[in-house]
Amino acid sequence: MTRPFAPGRLRQSVAGWSMLAVPLVLVALLVHGSGRPLAERTLISFFLDAALVVGMQMFIGNSGIISFGHVAFMGVGAYTAALVTIPPDIKVQQLPDVPAWLGDLQLGLIPAVVLGALMAAVIALIVGGALVRMRESAMAMGTLALLVFGYSAFSNWSSLTRGTIGLYGVPNNSTVWVTLVALLATLLLARLYRSSRAGMRLQASREDPVAAAASGVNVRMERLGSWVLSAAVMGAGGALWAQSYLAFGPDAFYFDITFALLAMLVIGGRASVTGAVAGAALITIVTDMLTRVEQGVSLGALSIPAVPGLVRFSIALLIILALVFRPQGLFGRWELDDVLRRVRAGGFRRGAPAPEPAEAPSVASEPTEAPSVAPEVEVAAAAPAPAARVGRNGDGPPVLSAEEVSKSFEGLHALSGVSLGVGRGDVLGLIGPNGSGKTTLLNVLSGIFPPDAGRVRFLGRDIGGSTPHHIARAGIARTFQNIRLFPELTVREHIEVAAIDPGSADVHDVISWLGLEPVLEELGGNLAYGVQRRVEIARAAVRRPSVLLLDEPAAGMNEAESDELLRDILAIRDRLGCSVLVVDHDLRLIMQLCERIHVLNEGRTVAEGEPREVAVDPAVVEAYLGTPRKDASPPTDREGDDAG
Amino acid sequence: MSARELIQQLVNALSLGSIYALLALGLSVVYGVMGMLNFAFGELVTITGYTMYFVSGGNESFLLMALVGIAASTVSSMGMELVAFRPLRRASFLTLLFTSFALAQIIQNLFRQLVSPRPKGVPVPDLFNEAVTIGGIKIGVLPLITAGVGIGSLLLLTLFFRRSSAGLAMRAASQDFVTARLMGIPANRIISLAFAISGLLAGIAGVLWVARLTSVSPAMGFTPLLQAFIASVIGGLGSLTGAVAGGFFLGFLEILLQATLPSGLLPFAQALTLLAIVGVLYVRPQGLLGRRAEAL
């Protein structure tokens with residue numbers, strides 16, 4: 001395994017965390033020093049809310065999947081803490097049926113919080129195993145089911161929860177300092193997770209699950225890991241919450257608080273930890289002010305009458321306004337330190353490429369953090385892998401081969417018994433008219449669809465029907481015909497996410513091969529078209545694949561651009577010593593790039609051989625131009641390709 | 001279970017299922033064209049209910065109350081789209097979800113402030129509490145009416161979707177909105193129409209719902225919304241036929257659990273329904289009639 005952080009990310013996230021921590025500590029000191037118990041009470045509830053919101057952010061923000069069920073984990077933590085902290089005499093009085101060992105139990109603050117987190121994590125693991133198999137919208141539904149399920153369990157499991165009446169007598173352990181430390185710990189955990197490789201992989205899957213899987217991300221596992229982690233935080237938060245609110249019933253863990261916490265997250269910006277805290281702070285301040293108005297205030301001669309229901313109403317309005325003006329929340333995907341850095345660099349909010357952030361060169365000077373790569377100078381000299389040149393032109397067994405592969409979509413035969421082999425170091429071109437099955441073949445080779453019949457062999461193993469991330473991890477990388485970048489990730493993050501194995505290439509080398517230095521901190525969604533193509537190739541190349549599958553890399557490029565692309569592809573092939581299978585309509589590019597060409601038409605192989613032979617093959621001419629008997633119709637130029 | 005009980009329960013299931021089917025279809029019509037889950041959909045049921053409550057003050061006939069309620073729901077639905085969702089046309093799924101969530105809160109609070117936080121009774125005809133005996137089997141009038149009105153509305157709507165050009169446009173738009181626009185279907189009009197149909201369905205379902213509850217309260221829209229959401233997810237989110245199938249599936253499942261669960265587990269009936277549905281989604285993540293997504 002690689003280290004849990006990409007170079008420089010650990011330090012960056014700790015620095016970013018301290019920027020949030022310092023003001024929070026200051027506020028706590030200030031409020032505590034003022035000696036106003038009411039203000040202290042508000043502060044404690046803010047710290048608790050913020051910790052809970054950050055707990056939700058860890059899953060919702062990074063996975064992009066909405067969860068309505070997290071409050072159930074908070075409830076699990078709260079009930080667990082209550083059951084182990086309420087003094088035995090009060091406990092038995094409330095719950096006569098409680099088992100003796102539990103009735104006599106009385107634990108302190110820390111064991112109660114740990115137990116709360118553990119209970120939530122165990123339940124999350126069981127539920128999550130089912131949830132992560134579902135599609136995103138169904139998952140949202142599943143989490144809603146969890147919320148309702150939790151509520152009915154809390155309301156009906158009377159021997160432990162005292163039903164709808166609820167429990168009282170929880171000792172008041174959650175002081176300002178306890179909740180402050182809890183919030184700081186949660187923030188640190190969330191920041192570290194977000195910047196870790198695991199967190200980055202999950203964020204990639206949020207942006208585009210298919211592209212993430214094709215980059216070697218096991219989307220389900222990443223989702224499950226984050227789900228359990230964030231449930232544990234909710235459990236701990238609930239345990240602390242119980243020791244601050246002291247008496248509660250099942251209603252505390254239902255829609256009202258779900259709505260309140262989600263509102264904080266959405267207003268602040270769900271994709272950022274800073275946003276979660278900012279949202280909690282904003283809502284706390286607004287609620288505090290409005291609650292006073294709601295109860296009626298008198299400012300000297302002027303008195304405002306009580307307005308019941310004002311708080312909920314105003315917060316709902318605030319959400320709508322926030323979403324209209326800042327759909328991604330106050331902070332969007334950025335953390336406080338990102339914002340400061342980008343403001344300093346002058347690139348924030350503008351389309352112009354942001355200059356390299358100050359710390360980037362320091363990353364390069366830390367070779368210890370990238371142990372897998374040879375020292376920089378050597379790699380930069382691009383030592384060609386010797387193995388690559390030896391077996392050129394298809395000598396020896398193919399690295400990747402399709403044997404009699406067939407694939408149909410509801411009666412449409414996209415592929416009927418296609419066989420092809422990519423030799424070591426080969427550049428094989430795959431051409432054919434629109435709808436001939438090229439993209440479908442690529443999708444079968446990269447595991448997006450299983451073949452209906454036939455085999456796919458890679459390095460001697462049958463990989464037909466394996467999942468995309470297994471195939472990607474085994475050493476096949478691909479790009480997509482309709483570019484699939486991660487719109488809300490920076491270029492650097494694209495490449496870091498894909499550099500998943502110890503054997504990956506150095507991120508900086510790949511960046512310089514493709515000339516991506518000027519756009520490193522730009523978001524994928526803001527890039528010019530040609531740059532997007534290069535980022536996609538960089539994302540594939542960084543994994544040092546044995547085979548690189550390129551799906552129409554030159555689509556939409558002019559001649560100069562496609563010449564540049566040609567040089568890039570050959571340079572990467574030489575540097576990585578990989579084989580390349582390239583699909584394109586740009587015959588000029590294919591003829592120059594490929595040593596061999598494979599031609600498909602209507603799902604069947606019609607020709608294979610060297611570019612010269614193929615170009616004059618009558619079957620190929622017929623596939624492109626139609627049979628001579630009919631009027632020679634020009635090759636179709638519809639955009640929609642292949643059944644995939 | 002005797003044959004008599006079986007038939008009684010079957011009518012109950014058909015009646016509950018047809019309400020759910022109407023609700024799910026109303027939610028799906030909007031999801032289809034806009035890709036949004038309208039959390040304020042339940043509030044359309046609330047609006048229908050309160051409109052009926054206001055009209056009922058003058059001793060009006062139930063039919064008139066119902067028609068005014070349905071009209072109010074339809075108009076409110078179109079109004080919601082115009083005021084809250086049109087400015088956010090290009091926003092993400094989550095943004096729209098939260099906007100509608102917030103809108104639902106606002107509407108609920110309006111009823112809480114302007115009417116009362118407590119439930120208000122709505123008079124229903126005595127006929128609804130009676131039962132008729134058909135072939136020796138006693139069947140409640142209300143379930144029969146509900147099933148009849150529900151299934152009748154669904155048939156009429158099917159006719160609209162299949163036979164009218166506006167219905168064809170709606171179906172096209174819910175399969176591929178972008179392409180439908182390119183084929184000359186006006187976006188604003190089709191979205192307005194979708195919200196109108198959604199409001200109409202919520203209104204019809206709302207009348208049937210109020211007839212069962214005989215009272216209205218500010219938070220009454222929650223259960224219908226939840227059931228509509230669940231039913232359309234089981235059916236396959238975005239599939240109109242799936243929504244109807246999911247609605248009936250959910251109705252049957254609920255009646256089945258109520259009829260067969262031991263009394264100790266009855267409080268968990270809703271939770272168990274959800275569990276069963278999560279089970280369905282486990283096996284078929286795309287829903288009963290949904291299209292399969294790309295593999296992960």
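Residues numbered from 1 in each chain as written. Chains lettered and ligands numbered in written order. Predicted model: local features only at pLDDT ≥ 70, side-chain atom pairs only at ≥ 80, totals over all residues.

**A closer look at the overall build of chain B**
Broken down by element type, chain B carries 11 helices and 4 strands. Whereas a compact globule of 296 residues would reach a radius of gyration of roughly 19 Å, chain B reaches 19 Å, a difference of no more than 12%. Taking the principal axes of the C-alpha coordinates as reference, chain B spans close to 60 × 50 × 40 Å. Among the 296 residues that make up chain B, the fraction classed as buried is 50%. (Helix = DSSP H or I, 4+ residues; strand = E, 2+ residues; numbered from the N terminus. Rg over C-alpha atoms; globule rule 2.2 N^0.38 Å. Buried ≥ 20, exposed ≤ 12 C-beta atoms within 10 Å, placed from the backbone.)

**Observations concerning the overall build of chain A**
Looking only at helices and strands, one finds 28 helices and 12 strands in chain A. Looking at the 644 residues of chain A, the share that counts as buried comes to 51%. In chain A, 76% of the contacts between residues at least 6 apart in sequence involve partners at least 24 apart. (Contact = placed C-beta atoms within 7 Å.)

**Regarding the sheet that holds strand 4 (residues 412–422) of chain A**
All names here are of chain A. Here 4 strands make up an open sheet; going across it, the order is 4-3-6-7 and the pairing antiparallel. The outermost strands of the open sheet, each flanked by one partner alone, are strand 4 and strand 7 (461–462). Summarising the sheet, strand 3 (residues 400–409) and strand 4 pair through 7 bridges and their orientation is antiparallel. Its bridge partner being in strand 4, Leu 400 is matched across the sheet by Val 422. Packing against the sheet, helix 20 (residues 438–445) makes contact with strand 3, strand 4 and strand 6 (453–458), and its axis sits at approximately 115° to strand 3. (Pairing = 2+ DSSP bridges. Axes fitted to C-alpha atoms, helices over the stretch in contact; angles between N-to-C directions.)

**Some remarks on helix 9 (residues 222–235) of chain B**
Its 14 residues place the ends of helix 9 of chain B 20 Å apart at the C-alpha level, agreeing with the 20 Å of an ideal helix rising 1.5 Å per residue. Here helix 9 of chain B lies mainly inside the structure; 11 of its 14 residues are buried. Residues of helix 9 of chain B that are buried: Pro 224, Leu 225, Gln 227, Ala 228, Phe 229, Ile 230, Ala 231, Ser 232, Val 233, Ile 234 and Gly 235 of chain B. Here the buried face of helix 9 of chain B lies against helix 7 (136–156) of chain A together with helix 1 (3–34), helix 2 (41–56), helix 8 (187–213), helix 10 (240–260) and helix 11 (269–283) of chain B. Note on helix 9 of chain B: the residue one or two positions beyond its end, Gly 236 of chain B, has a positive phi of about 110°. (Expected span 1.5 Å × (residues − 1).)

**Digging into the interface of chain B and chain A**
With 37 residues of chain B at the contact, the number on the chain A side is 33 residues. When residues of the side of chain B that touches chain A are traced back to their parent elements, those giving at least two are helix 4 (93–114), helix 9 and helix 11 of chain B. For the side of chain B that touches chain A, the element with the highest residue contribution is helix 4 of chain B, accounting for 13 residues. Across the side of chain B that touches chain A, the residue classes tally to 27 nonpolar, 8 polar and 2 charged. (Nonpolar A, V, L, I, M, F, W, Y, C, P; charged D, E, K, R; others polar.)

**Details of the packing of helix 10 (residues 197–207) of chain A against helix 22 (residues 491–498) of chain A**
Residues and elements named next belong to chain A. As a packed pair, helix 10 and helix 22 sit with axes 9 Å apart at the nearest point and diverge in direction by 110°. Relative to helix 22, helix 10 is oriented roughly perpendicular. As helix 10 runs across helix 22, the sense of the crossing is left-handed. Contact residues: Met 200, Arg 201 and Ala 204 in helix 10; Glu 493, Glu 496 and Val 497 in helix 22. Its residues placed into classes, the contact of helix 10 with helix 22 shows 3 nonpolar, no polar and 3 charged. (Parallel < 35°, antiparallel > 145°, perpendicular 65-115°, else oblique. Left-handed = near helix turned anticlockwise from the far one by under 90°.)

**So, the sheet that holds strand 11 (residues 596–601) of chain A**
Residues and elements named next belong to chain A. Overall, mixed pairing links the 6 strands, which are arranged 8-9-10-5-11-12 in an open sheet. Taken across any chain shown, the strands that pair with only one partner, and hence form the sheet edges, are strand 8 (476–478) and strand 12 (604–609). Ignoring which end each strand starts from, the neighbouring axes of this sheet average 20° apart. Pairing analysis gives 5 bridges linking strand 9 (residues 547–551) to strand 10 (residues 579–583), with the strands arranged parallel.

**Topic: the confidence of the model for chain B**
All names here are of chain B. Considering every residue of chain B, the mean pLDDT works out to 85; 96% of them sit at 70 or more. For chain B, per-element mean pLDDT is lowest for helix 11, which scores 77, and highest for helix 2, which scores 94. The low-confidence segment residues 292–296, where pLDDT is below 50, has 11 contacts with residues more than four positions distant or belonging to other chains. Reported confidences for the modelled complex are a pTM of 0.81 and an ipTM of 0.75. (pLDDT = per-residue confidence, 0-100.)

**Points about the packing of helix 2 of chain B against helix 8 of chain B**
Residues and elements named next belong to chain B. Interhelical geometry of helix 2 versus helix 8 gives an angle of 55° and a closest axis separation of 8 Å. The orientation of helix 2 relative to helix 8 falls into the category oblique. Handedness of the crossing formed by helix 2 with helix 8: right-handed. Of the residues in helix 8, those touching helix 2 at Phe 41, Leu 44, Val 45, Thr 48, Gly 49 and Met 52 are Ser 198, Gly 199, Ala 202, Gly 203, Ala 205, Gly 206, Val 207, Trp 209 and Val 210. A breakdown of the residues in the contact of helix 2 with helix 8 according to their chemical character gives 9 nonpolar, 6 polar and no charged.

**Regarding the environment of Met 141 of chain A**
Within the secondary structure, Met 141 of chain A is located in helix 7. Met 141 of chain A gets classed as buried once you count the C-beta atoms within 10 Å, which come to 28. Sequence separation of Met 141 of chain A and Phe 68 of chain A is 73 residues, and the distance between their C-alpha atoms is 8.2 Å. Apart from residues no more than four positions distant in its own chain, Met 141 of chain A is found in contact with Phe 229, Ile 230 and Val 233 of chain B.

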